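Residue-level structural notes
This is what each chain is made of:
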Amino acid sequence: MSSDDLKKRAAEAALEYVEDNMIVGVGTGSTVNHFIDALARIKHRIDGAVSSSEASTQRLKAHHIPVLDLNAAGPLPLYVDGADESNHSLQLIKGGGAALTREKIVAAASEQFVCIADQSKLVDVLGTFPLPVEVIPMARSHVARELLKRGGQPVLREHCVTDNGNLILDVYNLRILEPARLEAELNNIPGVVTVGLFALRPADLLLLGTPTGVRTLRP
Ligand code: 5RP
């Protein structure tokens, strides 16, 4: 089975958490694309979606799923999103698709965060996947120096401007043993918009696609 088949398997399993008349928070990425396609089959049962990126908004609209503004929708009961890595506490690295800022906002505004991924995303220690950090353009070099001081190797993501008009530094060489502490520390560097660590608000549930079915993990 390909990793895309495993992503689809996890995405389909997330439909079980969608209840009638919900407004569903929707993440970004190839796994979430499968979720959006699955959501289209039950779109008559939901009130709409709040999207975390322009890419997901386009896909939702192509399926004629109403896309609502988060300010109008208020707190959401459910957020479904993928991840680049998850540890066993369901603390995540996200931002491979450069949508980390809006993803973190929608996750924070949601009661339940269901993470969907193929089995390769589960790791013992976060950091093999380079940590994405969204920065204000004028702060790029300053933030890069601060990341170097902390042992990371920041690399500017080429040809990438986020939906918010910012840049992404991908930080290599991190072995993240205290994700919540590192998230708080990096959040405090002036010029950092969002750190792609989702540890202070981890996922509540991880649905992992495996060749034998979907594994459900809780922290
Ligand atoms: C986008 C993300 C994605 O959730 C993450 O990159 C996983 O993507 P995929 O589902 O394509 O493997 O954080 O910013």
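Below or above, wherever it landed, is the structure these notes cover. (Residues numbered from 1 in each chain as written. Predicted model: local features only at pLDDT ≥ 70, side-chain atom pairs only at ≥ 80, totals over all residues. Heavy atoms only, no water.)

**A closer look at the overall build of the protein chain**
Note the threshold: In this description a helix means any DSSP run of H or I spanning at least four residues, a strand means any run of E spanning at least two, and both kinds are numbered starting from the N terminus. When we talk radius of gyration, it's over C-alpha atoms, and the globule rule is simply 2.2 Å times the number of residues to the 0.38. Three exposure classes are used, based on accessible area relative to the maximum for each residue type with a 1.4 Å probe and protein chains only: buried under 20%, partly exposed in between, and exposed over 50%. Contacts are assigned to residue pairs that have any heavy atoms within 4.5 Å of one another. Calculation of accessible area relied on Shrake-Rupley with a 1.4 Å probe; when residues are assessed, cover is drawn exclusively from the protein chains displayed. Counting rule for charge: Lys and Arg are taken as positive, Asp and Glu as negative, and neither His nor the chain ends is counted. Throughout, a charge is located at the NZ atom of Lys, the CZ atom of Arg, the CG atom of Asp or the CD atom of Glu.
Secondary structure summary: the protein chain contains seven helices and 13 strands in total. Here the C-alpha atoms of the protein chain give a radius of gyration of 17 Å, agreeing with the 17 Å that 2.2 N^0.38 yields for 219 residues. Projected onto its principal axes, the C-alpha coordinates of the protein chain cover approximately 50 × 40 × 30 Å. Taken over 219 residues, the protein chain has a buried fraction of 54%. A separation threshold of at least 6 residues defines the contact pool for the protein chain, and within that pool the share at least 24 residues apart is 72%. For the protein chain, the computed accessible surface area is about 9900 Å², with 50% contributed by carbon and sulfur atoms. Within the protein chain, one finds 22 positive and 26 negative side-chain charges whose respective centroids are separated by 3 Å.

**Digging into the sheet that holds strand 5 (residues 92-93)**
The line we're drawing: A strand pair is defined by DSSP finding two or more bridges across the two strands.
Taken in spatial order, the three strands of this open sheet run 4-5-11, and their pairing is antiparallel. A single partner strand is all that each edge strand has here, and the edge strands are strand 4 (85-86) and strand 11 (197-198). Bridge count between strand 5 and strand 11: two bridges; the pairing is antiparallel. Among the inter-strand pairings, isoleucine 93 is bridged to a residue of strand 11, identified as leucine 197.

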